[in-house]
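# Residue-level structure breakdown
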Amino acid sequence: MAEIDALYQALVLEHNRNPRRYEVLEPCTHRASGRNPVCGDRVELYLRLDGAVIEEAAFQGEGCAISTASASLMMEIVAGREAAALRELFADFEDVLRGRRGPDEVDLGGLAPLANVRGFPGRLGCATLPWETLLRALEA
Amino acid sequence: MSAVQESVVAGGGLNPELLRRDFPVLEREVHGSPLVYLDNAASTQKPQAVIDAELDCYRRYYANVHRGVHTLSQESTAAFEGARGRVRRFLNAPSEQEIVFVRGTTEAINLVAHSFVEPRVKPGDEIVVTHMEHHSNIVPWQLLCERTGAVLRVVPISDAGEFEVADVEAALTARTRFLSLVHVSNVLGTVNPVREIVAAAKSRGVPVLVDGAQATPHMPVDVQELDVDFYAFSGHKIYGPTGIGVLYGRYDLLAEMVPYQGGGDMIRTVSFAGTEYADPPARFEAGTPNIAGAIGLGAAVDYLLAIGLERIAAYEAELVAYAAEAMAEVPGIRLIGTPRRRAGAVSFVMPEAHPHDIATILDQQGIAIRAGHHCTEPLMERYGVPATARASFGLYNTRDEVDALVAGLHKVNRLFGLDT
Ligand SMILES: Cc1ncc(COP(=O)(O)O)c(C=O)c1O
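Quick caveat, the model's predicted, so the values are computed rather than measured.

With that settled, consider the packing of helix H11 (residues 291-307) of chain B against helix H12 (residues 309-328) of chain B. Residues and elements named next belong to chain B. It is the contact of H11 with H12, at a shortest axis distance of 5 Å, that shows an interaxial angle of 75 degrees. Comparing the axis directions of H11 and H12 gives the class roughly perpendicular. In this structure, H11 uses Leu 304, Leu 305 and Ile 307 to contact H12, whose residues at the interface are Leu 309, Arg 311 and Ile 312.

Here it is as structure tokens:
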């Protein structure tokens, strides 16, 4: 598969077209907005935590296919998990994106479809924006 | 014989295939395809003549300018001041003393805001700009309004991306102290009727600055014909170096203005009892200037004058019209801005594929375009889009490159699962 087809593979495009949990979550316990000033991508993230566990998540925003798919894939991953585990997953994801580790050395689980962003240095920020926003929301 | 001379001798229109040989970077491949450089509104590539001029300065005669008695300093000064003379010719300014070297358009506008407009405004006075301005012609005025209590007024634009002279007239009131507007929009490609607007403003006693960053690469500019008070442009957008640009200012206005920055070179005498400022343009050129940059800019100006701005304008007008028409036929595409007179840029959005996706997919085919808000966030808001993709053309672009772009846009559609 050519690099560009791998980047825009069917699953990524499907999440872009039908983003999961694309709504405002009210009431929520945590929220944060993220913005990539370079390209204007924007994400609003809503979380409801029960103790340390994320019970429910939702997002809205405006962005490219990569950032939208990244946020949407994140929705499928976060429910029922704790901040510490998500921080670890994001660290692994960043390692792959920045070429510190190969995609086969790490289990990215539901984020695996985005591993191909590593071939596109100009687009790393699109994939990481929702995750950076998530971690900020959890710190709040 | 240089490609420029050949292309001119060949007569009639401009021959881009010949001119392309002057630009070394155009031989490059990107991701295995020949580079198709369509990001000229952001910055243009450099011809060998410009590269050589800078190199030659550093290799043969570089030294600090002015004040120097030794040979190298005299030669550097002559080349630096020679560049000022070339720029004067480029703009058809009456005098070299009206050519102030600055870092670029941004600095030129800030300079005018500080040194000309600020001392002349009171709380409640008005500054007028248009809805299609670059941030560099918005933010300096907002800052000025914060400092002075003046109010910023905005001339609205139509869906096509145009305004009429009457729209500008309607925004001018008894309290208007300054009008600052763009000659050619970096997003919409709109060529504004600057001469008529300047006339309308001046008949009401309102001085005018024109942001020529996107006009100077594409058409002849004559500041006397425009009758404009200030005109700004950037070297890097007219095939010259970065970090050098020009503020043209009418001499009688420059002569009344306070300095922008203080330092060396801008004074006549300094004592702790008081300092006397130098005459323009030195008054506005504090510190050691971008010497090699100015010399490179002089070479860029010579290059454009040798080809002929009329010839460039005629060739590009035809190319950009061809591009806008061909791009409009790509299924799903929406052009942002459909002005009657266009130069340089064609902005667009596509269904599903965000401008950044478009730019990435095109880049994989060697095609360089820009995606984002292009430093015109109010304009993005006007069209209800967070960003656009923008293809922008220069004198070395060809119809074949437009065809490659259009094929690339079809590929974007295919990748996103759309019929095309
Ligand atoms: C219309 C317009 N004005 C001003 C500028 C700012 O130019 P510079 O960044 O060279 O100062 C630009 C550059 O993008 C522009 O397109």
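Taken together, the 19 residues of chain A in the interface contact 14 residues of chain B. Counting each side, the surface lost to burial between chain A and chain B is near 1500 Å², with a carbon and sulfur contribution of 54%. Across the chain A-chain B interface, the total number found is 3 salt bridges. The closest approach of N and O atoms between Arg 123 of chain A and Asp 357 of chain B, which form a salt bridge, is 2.8 Å. Run the count over chain A and chain B and you get 7 residue pairs in polar contact (both at pLDDT 80 or more). Elements represented by at least two residues in the side of chain A that touches chain B include exactly helix H1 (3-7), helix H2 (10-17) and helix H3 (65-78) of chain A. Top element by residues in the side of chain A that touches chain B is H1 of chain A. It accounts for 4 residues. Here the residues of the side of chain A that touches chain B are counted per class, giving 10 nonpolar, 2 polar and 7 charged.

The next thing to look at is the domain arrangement of chain B. All names here are of chain B. Taken domain by domain, chain B consists of domain 1 (52-305) and domain 2 (308-415). For domain 1 versus domain 2, the separation of C-alpha centres amounts to 28 Å. Contacts between domain 1 and domain 2 engage 30 residues on the former and 32 residues on the latter. With both sides pooled, the region where domain 1 packs onto domain 2 buries about 2700 Å², and carbon together with sulfur makes up 56% of that total. As a salt-bridge pair, Glu 162 and Arg 340 come within 3.1 Å of each other at their nearest N and O atoms. One can count 23 residue pairs in polar contact (both at pLDDT 80 or more) joining domain 1 with domain 2.

Another point: the sheet that holds strand S10 (residues 245-249) of chain B. Residues and elements named next belong to chain B. Pairing is mixed across the open sheet formed by 7 strands, whose spatial order is S4-S10-S9-S8-S7-S5-S6. Edge strands, defined here as strands with exactly one partner in the open sheet, are strand S4 (99-102) and strand S6 (151-155). When strand polarity is set aside, the average angle formed by the axes of neighbouring strands in this sheet is 20 degrees. Sheet topology note: the strand S9 (residues 230-234)/S10 ladder contains 5 bridges and is antiparallel. When the sheet's bridge partners are listed, Ala 232 is paired in S10 with Leu 247.

The rules we used
- Residues numbered from 1 in each chain as written.
- Chains lettered and ligands numbered in written order.
- Predicted model: local features only at pLDDT ≥ 70, side-chain atom pairs only at ≥ 80, totals over all residues.
- Heavy atoms only, no water.
- Axes fitted to C-alpha atoms, helices over the stretch in contact; angles between N-to-C directions.
- Helix = DSSP H or I, 4+ residues; strand = E, 2+ residues; numbered from the N terminus.
- Parallel < 35°, antiparallel > 145°, perpendicular 65-115°, else oblique.
- Contact = heavy atoms within 4.5 Å.
- Buried area = accessible area lost by both parts, 1.4 Å probe.
- Salt bridge = Lys/Arg side-chain N within 4 Å of Asp/Glu carboxyl O.
- Polar contact = N/O pair within 3.5 Å; in protein donor to acceptor, adjacent residues only side chain to side chain.
- Nonpolar A, V, L, I, M, F, W, Y, C, P; charged D, E, K, R; others polar.
- Domains from an automatic or database assignment.
- Pairing = 2+ DSSP bridges.

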